[in-house]
Amino acid sequence: MMTGMWEHTWRELFFRGGEVMWPILVCSILGLAIAAERVLVFCWYFTPYHGLVRALKRQIEHGDLARARQIAALRHGPIARAAESYLEHIHLTSAAREDIVGRVVSENVSKLETRLHWLSIIGILAPMLGLLGTVAGLVEAFNEIERAGGQVQPKDLASGIWAALLTTVFGLVVALPALAVYHLLENRVNTILLQCQWMVSHLNEWLHKQPSLALEGGEHIDTMPDERLTSVGGG
């Protein structure tokens, strides 16, 4: 059996930690599963922002909106969906069009944020469970001292305290990676929201410079991104 830490196997350390180790184990399994699933989702929805901007700009400058929309449709993620929705509803008024784009971005961002908050909960809950196990272990250790009338060896006291501290160690080991992944992915969501705003601003600018691509009914294209996009996803 593989040695874990402090000249004990992981199995021995786990059982020495007491009953609180079981909910910590559940947190670790749940956190690992959620983190892996969310990372895969983010990878699936990943769209190189600058590459998409260059591709759309090239097609719009050549007056090929159909091709630009097709390029956006072939990509994944909120940024591509924002561009596709914008080009799909280009005949609408700017207010109606950007309202639809904001809704589409919100729907796609919600797919990225699904279950993401659970990593934050695990990051808070795991060390609390570890602390609970440590306090319970210390109470038990000092209770043994009282029942022994204070006639205990330092070795016995150290052994009880050492075992009690194991739950805090394992709780932190579970919490730190969970919180790290949570904040990394949450930061990625905020970046995607900004890039969606930039994409709308780029499309407004490019189409405004193309008189031949004027909207039906002579609708003017605003060159400022819709402020509603800034509040999507609670960034």
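Residues numbered from 1 in each chain as written. Predicted model: local features only at pLDDT ≥ 70, side-chain atom pairs only at ≥ 80, totals over all residues. Heavy atoms only, no water.

We now examine the packing of helix H4 (residues 65-73) against helix H5 (residues 77-88). Look at H4 against H5: their axes get within 8 Å of each other, and the N-to-C directions meet at 150 degrees. Taken together, the axes of H4 and H5 lie roughly antiparallel to each other. Of the two elements, H4 crosses H5, and the hand of that crossing is left-handed. Residues Leu65, Ala68, Arg69, Ala72 and Ala73 of H4 form the contact with H5, whose participating residues are Ala80, Arg81, Ala83, Glu84, Leu87 and Glu88. Classifying every residue of the contact of H4 with H5 gives seven nonpolar, no polar and four charged. (Axes fitted to C-alpha atoms, helices over the stretch in contact; angles between N-to-C directions. Helix = DSSP H or I, 4+ residues; strand = E, 2+ residues; numbered from the N terminus. Parallel < 35°, antiparallel > 145°, perpendicular 65-115°, else oblique. Left-handed = near helix turned anticlockwise from the far one by under 90°. Contact = heavy atoms within 4.5 Å. Nonpolar A, V, L, I, M, F, W, Y, C, P; charged D, E, K, R; others polar.)

Moving on to the nonpolar core. For soluble globular proteins, nonpolar side chains are generally found buried alongside one another. Membership of the largest hydrophobic core comes to 51 residues, with the highest contact counts inside it found for Leu56, Met199 and Leu203. Of the residues forming this core, the biggest block, 16 residues, is contributed by helix H8 (residues 154-208). Sequence-distant contacts of Met199, defined by excluding residues within four places in its chain, comprise Tyr49, Leu52, Val53, Leu56, Ile79 and Ala83. (Core = buried A, V, L, I, M, F, W, Y, C linked by side-chain atoms within 4.5 Å. Buried < 20%, exposed > 50% of the residue type's maximum accessible area, 1.4 Å probe, protein only.)

Take the packing of aromatic side chains next. Counted according to the given criterion, the structure contains four aromatic pairs. Here the aromatic rings of Phe14 and Phe15 are separated by 5.3 Å at their centres, their planes lie at 90 degrees, and the arrangement is edge-to-face. A relative accessible area of 13% places Phe14 in the buried class. Ring centres 6.2 Å apart and planes at 70 degrees place the aromatic pair Phe15 and Trp22 in the edge-to-face group. For Phe15, a relative accessible area of 46% puts it in the partly exposed group. Site record: aromatic cluster; members linked through ring pairs are Phe14, Phe15 and Trp22. Just above the ring of Tyr86 sits the side chain of Arg97; from NZ or CZ to the centre is 4.7 Å. (Phe/Tyr/Trp six-rings, centres within 6.5 Å; stacked < 30°, edge-to-face > 60°. Lys NZ or Arg CZ within 6 Å of the ring centre and 35° of its normal.)

What follows is about the pattern of salt bridges. Any two side chains of opposite charge can pair if their charged atoms end up close together. Using the criterion set out here, one finds five salt bridges in the structure. Taking the shortest distance from any N to any O, the salt bridge between Arg69 and Glu88 comes out at 3.8 Å. Of this pair, Arg69 sits in helix H4 while Glu88 is found in helix H5, placing the two residues 19 residues apart along the sequence. Exposure remark for Arg69: the relative accessible area of 34% places this residue in the partly exposed category. Classification of Glu88 as partly exposed rests on a relative accessible area of 36%. Each member of the salt-bridge network shares a partner with another, and the members are Glu37, Arg38 and Arg115. (Salt bridge = Lys/Arg side-chain N within 4 Å of Asp/Glu carboxyl O.)

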